[in-house]
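Residues per chain, in single letters:
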Number of protein chains: 2
Amino acid sequence: MNRRTQPKGVRLADVARSVGVSSSEVSRVLNGRMRDGKSVAQETRDRILAAARELNYMPHRAAQNLAVGRTDVVALMLLLDDRRELYPHYHEIIGALTYTLNGYGIHLLLAQYGPDPLESLEHMARSRTCDGMIITDMKVDDERPALLDRIGTPFVVRGSSPRAGVVAVGMDNAQVGYRAMSYLFSLGHRAIAFYNIGRDYMSGQRRFEGFCQARDEYGLQATAEYYDSHHQEEGMYQAVRGRFSQPNPPTAIFAEDELGAFGALRALSDIGLRCPEDVSVMTCLNARFMRLVNPHLTVLNVRQDEVAAEAGHLLARLLRGEDVEKRQLYLQPHLEERGSARPPRKHSL
Amino acid sequence: MNRRTQPKGVRLADVARSVGVSSSEVSRVLNGRMRDGKSVAQETRDRILAAARELNYMPHRAAQNLAVGRTDVVALMLLLDDRRELYPHYHEIIGALTYTLNGYGIHLLLAQYGPDPLESLEHMARSRTCDGMIITDMKVDDERPALLDRIGTPFVVRGSSPRAGVVAVGMDNAQVGYRAMSYLFSLGHRAIAFYNIGRDYMSGQRRFEGFCQARDEYGLQATAEYYDSHHQEEGMYQAVRGRFSQPNPPTAIFAEDELGAFGALRALSDIGLRCPEDVSVMTCLNARFMRLVNPHLTVLNVRQDEVAAEAGHLLARLLRGEDVEKRQLYLQPHLEERGSARPPRKHSL
DNA sequence: CTGTTAGCGCGTTCAG
DNA sequence: CTGAACGCGCTAACAG
């Protein structure tokens, strides 16, 4: 009961000694390495298990890792913003990954990129701190997949992959761009301002393609405006204020993400315009609380939690040695109408 | 350049052989273990460093861990809600912890509690998967501190500690309760409904104490109402709807957290009451986006990121062997007025 | 200043 | 069915 913990912890050898067998025998029993004919006498088996429980034996992770050459750890490297805060979408990614990986007995390790991201990544991978990695926020010229391939570390891309031959799971951002435009068009909007993530990001690039396709298809070349933004709440605020001080303001705004949408709303509010009466606003996001707040934003739901969960499953299978098809899986965004986008007014004041 | 990665990775011995020294020598140089008089000849030193760089040597984590008896990992075990999602406050905790710990060369490991939380915790600690832990969401009868003490694993409590003799850093929740009441009282409210976190949680218990103190001090025994809630958005929605179908509804509501506040707002809206014209609402939270949304909530800002950062610093110092005072640090909440709470109307309709 | 030796704790041959 | 011996890769103690 009140027995003091052993100074160094109880080892395999301690259990072995207490039973009067070799430590190999204990290892075999505890790891269930006795299939085929290879078996351990039922009696020694029981005695070993009893002793292990009695001594409260717990294998030493580092020792196991070293012996087996595996860590059961998957790393996710984080990009913190200028305030050292996590970007919103990480919330769901981290939750879903932790949950999913734990189902495979894998822990999630978090680290942040240093000044040289590739170096951070290489360090993490080559030191074998983890068995595999999830990489996110892909740039169009992202060198991480190639690096990890070279090192031989299994990984899954969360998001759009800059190239084939890797396992990637993300949202279909081309559809995000296309459907946002289609929807606003169908409501009757023609003057649409599309504020996008930077096109240096894969998702931004994809969205841009979707935007272009819709724009051309609907003949909006003259009225639909495209902006590369990626400057969060304040950036969008400034951008929208600036745009509305110009002639021919848009009747609808697509914002890159939730923060951008709030920036846009704040700008409209300060200008004296209402949403959706005067200007429609939509965006794409998933964060749960966002659905609870006012105004209820009409969004293309990009289910980051589902994406992350799927990425976790795929990586786990990869680590198990199962052969996973090296292909890209893109989930479709789901339109959720909540009233922040409506048909434009027929006549301006 | 295009050299292929060695099958098993390059080891210390490889570097040693390439230079013609023993691996201890390499280890010494690479780890800078040469203070005091103990030095390594400048020349061999240089040759070793050159060879290591040339061979692109990277120490094997598991081997180092085993040899040194340290992992440079701190674990945070998560509580997922019924939807397997992370509670809102984790977002800032995780970001701040990752950032802070990385400054000490420590990674953050995430795992979720199994059905038996104490067992999960013990497993994590005794297997020496991590060097230390951060524990959060303390219950009043929380057994985790005692368990970790017994095991001998360093830890820091994020939140209110159920007992002295541990290192804890959290918000002063008694003040949260007290100041929320004071503020609403000072605005002129007398009929206040205080929806609290469950009192089985330390923070709930503390808030309750603050609530009681203010209630008694201001003579609100007859009009201030207390509810243990802790049922998130939907729960608060139901609770508020229920309360307003009764006589003598409150003129002000304190909600346990952001989700609760949104539930309250939704309920009021459905009932046909406006905030803050008809009913004042305030809560306490920190999440950044929450500050951006409408309505702008008047809150007691509980800076979870600062709390977590401080907890990270303390744990890191603990792990370095510095002797940290085993005491509790509670930051003060900061009132931020954003208009969701106002003086009550003089006369009801 | 440097090499040798001996672990760290566990898994895994390979005989027996 | 079981034990002895070795290896995982690195660090630390101790000679020299």
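For the structure, check the block above.
Before going into details, it helps to say that this report is about the structure given with it. (Residues numbered from 1 in each chain as written. Chains lettered and ligands numbered in written order. Predicted model: local features only at pLDDT ≥ 70, side-chain atom pairs only at ≥ 80, totals over all residues.)

### Focus on the interface of chain B and chain A
Listed as interface residues are 46 residues of chain B and, on the opposing side, 46 residues of chain A. Secondary-structure elements contributing two or more residues to the side of chain B that touches chain A are α4 (61–68), α5 (88–102), β2 (107–112), α6 (117–126), α7 (144–151) and α11 (258–271) of chain B. Here the side of chain B that touches chain A takes seven residues from α5(B), the largest share from any one element. The class makeup of the residues in the side of chain B that touches chain A is 22 nonpolar, 15 polar and nine charged. (Contact = placed C-beta atoms within 7 Å. Helix = DSSP H or I, 4+ residues; strand = E, 2+ residues; numbered from the N terminus. Nonpolar A, V, L, I, M, F, W, Y, C, P; charged D, E, K, R; others polar.)

### A look at the environment of Glu209(A)
Positionally, Glu209(A) belongs in helix α9 (residues 202–217). The sequence separation of Glu209(A) and Gly177(A) amounts to 32 residues, and the corresponding C-alpha distance is 7.3 Å.

### A word on the nonpolar core
Judged by nonpolar contacts, the single largest core of 178 residues is most densely connected at Val74(A), Val281(A), Val74(B) and Val281(B). Not counting the four nearest positions on each side in its chain, Val74(A) is found in contact with Leu101(A), Ile106(A), Leu108(A), Leu109(A), Cys130(A), Asp131(A), Gly132(A), Met133(A), Ile134(A) and Leu315(A). (Core = buried A, V, L, I, M, F, W, Y, C linked by C-beta atoms within 7 Å. Buried ≥ 20, exposed ≤ 12 C-beta atoms within 10 Å, placed from the backbone.)

### Some details on the relation of the copies chain B and chain A
Superposing chain B onto chain A takes a rotation of 180 degrees combined with a translation of 0.0 Å along the rotation axis, leaving an RMSD of 0.1 Å. In the structure described here, the two chain copies are related by an operation that fits a two-fold rotation axis. Nearest to the rotation axis, the C-alpha of Leu109(B) is located 2.2 Å from it, this being the minimum over chain B. When the interface residues of chain B are mapped onto chain A, 100% of them again fall at the interface, so both copies present the same face. (Least-squares fit on C-alpha atoms with pLDDT ≥ 70 in both.)

### Some points on the pairing of strand β7 (residues 225–228) of chain B
The side chains of a regular strand alternate between both faces of the sheet. Residues and elements named next belong to chain B. Sheet analysis places strand β6 (residues 192–196) next to β7, joined by four bridges and oriented parallel. Residue pairing in the sheet places Tyr195 in a bridge with Tyr227 of β7. Following the chain from β6 across helix α9 (residues 202–217) to the adjacent parallel β7, one finds a crossover that is right-handed. (Pairing = 2+ DSSP bridges. Right-handed = clockwise from strand over helix to strand, strands pointing away.)

### Quick look at the protein's contact with DNA strand D
Neighbouring residues of DNA strand D: 28 residues in total, closest Ser39(A), Arg11(B), Leu12(B), Ser24(B) and Ser27(B). The set of elements that each furnish at least two residues to the surface near DNA strand D consists of α2 (23–31) and α4 (61–68) of chain A together with α1 (12–19), α2 (23–31) and α4 of chain B. Per-element tally for the surface near DNA strand D: the top contributor is α4(B), with five residues. Split by residue class, the surface near DNA strand D holds 12 nonpolar, 12 polar and four charged. (Near = placed C-beta within 6 Å.)

### Quick word on the sheet that holds strand β6 (residues 192–196) of chain A
Residue and element names in this part refer to chain A. Taking strand neighbours across the sheet as the criterion, the six strands line up as β7-β6-β8-β9-β10-β12 in an open arrangement whose pairing is mixed. Each end of this open sheet is capped by a strand with a single partner; those strands are β7 (225–228) and β12 (334–336). Put simply, the sheet's adjacent strands are angled 20 degrees from each other on average, direction ignored. Pairing of β6 with strand β8 (residues 252–254), which is carried by three bridges, proceeds in the parallel orientation. Within the sheet, the bridge partner assigned to Phe194 lies in β8 and is Phe254. Along the sheet face, helix α11 (residues 258–271) touches β6, β8 and β9 (280–285) and points at about 165 degrees away from the line of β9. (Axes fitted to C-alpha atoms, helices over the stretch in contact; angles between N-to-C directions.)

### Overview of the sheet that holds strand β3 (residues 132–136) of chain A
The 12 strands lie next to each other as β11(A)-β5(A)-β4(A)-β3(A)-β1(A)-β2(A)-β2(B)-β1(B)-β3(B)-β4(B)-β5(B)-β11(B), forming an open sheet whose pairing is mixed. Here the strands that pair on one side only, and so sit at the sheet edges, are β11 (328–331) of chain A together with β11 (328–331) of chain B. Looking at each pair of strands side by side, their axes are set apart by 20 degrees on average, direction ignored. Set on the sheet, helix α5 (residues 88–102) of chain A makes contact with β1 (73–78), β2 (107–112), β3 and β4 (155–158) of chain A together with β1 (73–78) and β2 of chain B; between it and β2(B) the angle comes to about 65 degrees. Strand contacts of α5(B): β1 and β2 of chain A together with β1, β2, β3 (132–136) and β4 (155–158) of chain B, with the helix running at about 65 degrees to β2(A), the strand carrying the most contacts.

The quantities given are spatial measurements derived from coordinates; they are silent on function.
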